[in-house]
Amino acid sequence: MSNAELKKFEDKIERDVKIEPRDWMPEAYRESLIRQISQHAHSEIVGMLPEANWLARAPSLRRKSILMAKIQDEAGHGLYLYCAAETLGAERQATIDAMLEGKLKYSSIFNYPTRSWADMGMIGWLVDGAAIVNQVALQRTSYGPYARAMVRICKEESFHQRQGYELLTELVKEGNAEQKAMVQDSINRFWWPSLMMFGPHDSDSANGEQSIAWKIKRLGNDELRQKFIDITVRQAEYLDITIPDPDLKWNEKTGHYDHGPIDWKEFKQVVSGYGPCNKERMDARRQAQEEGKWVVEAGLAYHAKKSMNEAA
Ligand code: BYC
C-alpha cells in the first residue's frame, strides 16, 4: 500500500464517491464489507425459513401468492448480496461454509419460531420494517455494488412491509376476538427481538465506529433503532394493539419515544447459537446444501463443457 493510494481512497470516502471493485481499498475495509455483506446475504436466505413454515397453511390463494412472492424476493436479495460479496473476492461457498461452522452470523431475528398466521403479518410489518430503516441508510453506503443492491432491495422490502401491515389490519379490524388476540400475542413475542435486529448499543458496537468512519454504515445502531420505534408506535396505535414495553413513552424534550431496557443477555445467547431455533435453521441450511449439491455440480460440468467447446 502506498500513501498515495490510501490518500486517494480517503479522499473518495470524504467526497462521497463510491468505492468500486477494481479500486484500491484498505484490507480491513474489504474484510469488514465481506463480513457485513455476507452476513446480510445469509440473513436473507435463512429469513426464508420462518415464513416457508406457513406457505402450505396460508388462509387463501391471495395470501399464499403474496407470501410466496415475498419469500422468492428474499432469495433474490440473498443472491444480489452474495454477488456483491464476490466483487470483493469472497468465494460464495466459503462464506456459506463459514456460516454453517458458526464463524459468520445471520440476523438474530430468524432464530425465533413462527407460531401463528399473525406472525406472517408481524414479520412483514416489524422485521421488514426494521430492515427498511436500516437498508434505506445503506443505499448511501460507500461501496458501490452494495449501495446499488440496496436500492432494489429497499423497493421490494417496502412491498413486504405493506403486505404485513395490511394482513394485520385485516385481522384486527375485520377479525374476531380470537384473531385480534393472535395479533397481540405475536407482537408480544416479536417486539423485543425486532429491536435487537439493529445490534448492540453504539457503546458496545465493536465495528460501529470504524464502519461509520468508512461510511460503510451511515448511521449508528441506536439512531436507526430509535427511528424504527418512532415510526412503529403510531402504526401500533392504529392497529389498537399494545407494544409490550411499560416504559415506552413520548419524550417531549427529545422529540422521540423513550423505551425500556433491551435484554442483551438474550441477544448474546441467540447470536452465539443458543436461540430457540438456531439448531433447526442450521440443520435446514445444511440439508439444503446437501440436497442442492447435484445442481452445483451439473452447473459446473455444463460450464466446463461449454468452455472446452469454445476453446476447440
Ligand atoms: N443479529 O459491531 P456491531 C431481512 C453482530 S434480513 C446477529 O454493531 P455491525 C429480511 C455483528 O455482526 C436483515 N448478529 O456490528 C430477510 C457483530 O458481530 P461480528 C439483515 C448481530 O456490523 C428475510 C456484533 O454483533 N440485515 O431484511 O457494525 C425476511 C457486534 O455488532 C446483530 C442486515 O444484515 C443481529 N441482529 O452492525 C425479512 C443489514 N446485530 O460481525 C427480512 C446489514 C449485530 O463482528 N448489516 N450483530 O461477528 C448491518 O447493518 C450491520 O451489520 C448491523 C450490525 C447493524 C446488523
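Keep in mind it's a predicted model, so treat the numbers as computed, not measured. (Residues numbered from 1 in each chain as written. Predicted model: local features only at pLDDT ≥ 70, side-chain atom pairs only at ≥ 80, totals over all residues. Heavy atoms only, no water.)

Enquirer: Quick question: what am I supposed to make of the state of the cysteines here?
Expert: Put plainly, two cysteines are in a disulfide when a covalent bond ties their sulfur atoms together. Counted under the stated rule, the structure contains zero disulfides. Lacking any disulfide linkage, Cys-83 is separated from the closest cysteine sulfur, that of Cys-154, by 18 Å. Overall, the relative accessible area of 37% leaves Cys-83 in the partly exposed class. (Disulfide = S-S within 2.5 Å. Buried < 20%, exposed > 50% of the residue type's maximum accessible area, 1.4 Å probe, protein only.)

Enquirer: Hey, could you run me through the nonpolar core in this one?
Expert: Of all hydrophobic cores here, the largest spans 78 residues; its most connected members are Tyr-29, Ile-37, Trp-125, Tyr-143 and Trp-191. Contact partners of Tyr-143, with chain neighbours within four places excluded, come to Lys-18, Ile-19, Glu-20, Pro-21, Met-25, Tyr-29, Leu-33, Ile-37, Ala-84, Thr-87 and Leu-88. (Core = buried A, V, L, I, M, F, W, Y, C linked by side-chain atoms within 4.5 Å. Contact = heavy atoms within 4.5 Å.)

Enquirer: Whenever I open this one, the site of the ligand confuses me. Can you help?
Expert: What surrounds the ligand is a group of 35 residues, the closest being Arg-35, Lys-105, Ser-205, Asn-207 and Lys-217. In the model, an oxygen atom of the ligand is placed 2.5 Å from a nitrogen or oxygen of the Lys-105 side chain. Residue Asn-221 places a side-chain N or O atom 2.9 Å away from an oxygen atom belonging to the ligand. Compared with its free state, where it exposes 1000 Å², the ligand has 89% of that area covered by protein. Elements that contribute at least two residues to the shell around the ligand include exactly α2 (27-46), α4 (61-86), α6 (118-138), α7 (144-174) and α11 (264-274). (Near = heavy atom within 4 Å. Polar contact = N/O pair within 3.5 Å; in protein donor to acceptor, adjacent residues only side chain to side chain. Areas by Shrake-Rupley, 256 points an atom, 1.4 Å probe, with all protein chains shown as cover. Helix = DSSP H or I, 4+ residues; strand = E, 2+ residues; numbered from the N terminus.)

Enquirer: Help me out: how do you make sense of the packing of aromatic side chains in this one?
Expert: The geometry of an aromatic ring pair is captured by two quantities: the separation of the ring centres and the angle between the planes. Per the stated rule, a full pass over the model turns up nine aromatic pairs. Ring pairs connect the aromatic residues Phe-9, Trp-24, Tyr-29 and Trp-214, which therefore count as one cluster. The aromatic ring of Trp-54 is capped on one face by Arg-57, whose charged end is 4.0 Å from the ring centroid. Lying across the ring of Tyr-238, Lys-173 places its NZ or CZ 4.2 Å from the centre. (Phe/Tyr/Trp six-rings, centres within 6.5 Å; stacked < 30°, edge-to-face > 60°. Lys NZ or Arg CZ within 6 Å of the ring centre and 35° of its normal.)

Enquirer: Is there a simple way to explain helix α8 (residues 177-196) in this structure?
Expert: An α-helical turn contains 3.6 residues, so a residue and the one three or four places further along point in the same direction. Relative to the 28 Å expected for 20 residues at 1.5 Å per residue, α8 spans 30 Å between its end C-alpha atoms, a close match to the ideal helical length. If you look at α8, its biggest bend is around 35°, right at Phe-190, and the proline Pro-193 turns up within four residues after that. Those residues of α8 that fall on the buried side of the exposure criterion are Val-183, Ser-186, Ile-187, Phe-190, Trp-191, Trp-192, Pro-193, Ser-194, Leu-195 and Met-196. For α8, the elements touching its buried residues are α6, α7, α10 (221-239) and α11. (Expected span 1.5 Å × (residues − 1). Bend = angle between axes of the 7 residues up to and from the residue.)

Enquirer: Help me out: how do you make sense of the packing of α7 against α8 in this one?
Expert: Relative placement of two packed helices is described by the angle separating their axes and the distance separating the axes. Direction vectors running N to C along α7 and α8 enclose 140°, while the axes themselves pass 7 Å from each other. Overall, the two elements α7 and α8 adopt an arrangement that is oblique. Both α7 and α8 take part in a crossing whose hand is left-handed. Residues Leu-168, Leu-171 and Val-172 of α7 lie in contact with α8, whose contacting residues are Gln-179, Lys-180, Met-182 and Val-183. Class assignment for the residues of the contact of α7 with α8 results in five nonpolar, one polar and one charged. (Axes fitted to C-alpha atoms, helices over the stretch in contact; angles between N-to-C directions. Parallel < 35°, antiparallel > 145°, perpendicular 65-115°, else oblique. Left-handed = near helix turned anticlockwise from the far one by under 90°. Nonpolar A, V, L, I, M, F, W, Y, C, P; charged D, E, K, R; others polar.)

Enquirer: What is the right way to look at unusual backbone geometry in this model?
Expert: Negative phi characterises most residues that are not glycine, and trans characterises most peptide bonds. Even without glycine at this site, Lys-215 takes up a positive phi of about 60°. Looking at the secondary structure, you find Lys-215 in the loop between α9 (208-213) and α10. The class for Lys-215 is buried, based on a relative accessible area of 18%. A positive phi is found at Asp-240, a non-glycine position, where the angle reads about 60°. Along the chain, Asp-240 turns up in the loop between α10 and β1 (249-251).

Enquirer: Any chance you could explain the pattern of salt bridges here in plain terms?
Expert: Pairing between side chains becomes possible if they bear opposite charge and their charged atoms approach one another. Per the stated rule, a full pass over the model turns up 24 salt bridges. Residue Glu-166 pairs with Arg-62 through a salt bridge whose shortest N-O separation is 3.0 Å. Of this pair, Glu-166 sits in helix α7 while Arg-62 is found in helix α4, placing the two residues 104 residues apart along the sequence. Take Arg-62: its relative accessible area is 45%, and that puts it in the partly exposed class. A salt bridge links Asp-283 to Arg-286; its shortest N-O distance comes to 3.6 Å. Remark: Arg-286 and Asp-283 occur in helix α12 (residues 278-311); sequence separation between them is three residues, near one turn of the helix. Look at Asp-283 and you get partly exposed, because its relative accessible area is 33%. (Salt bridge = Lys/Arg side-chain N within 4 Å of Asp/Glu carboxyl O.)

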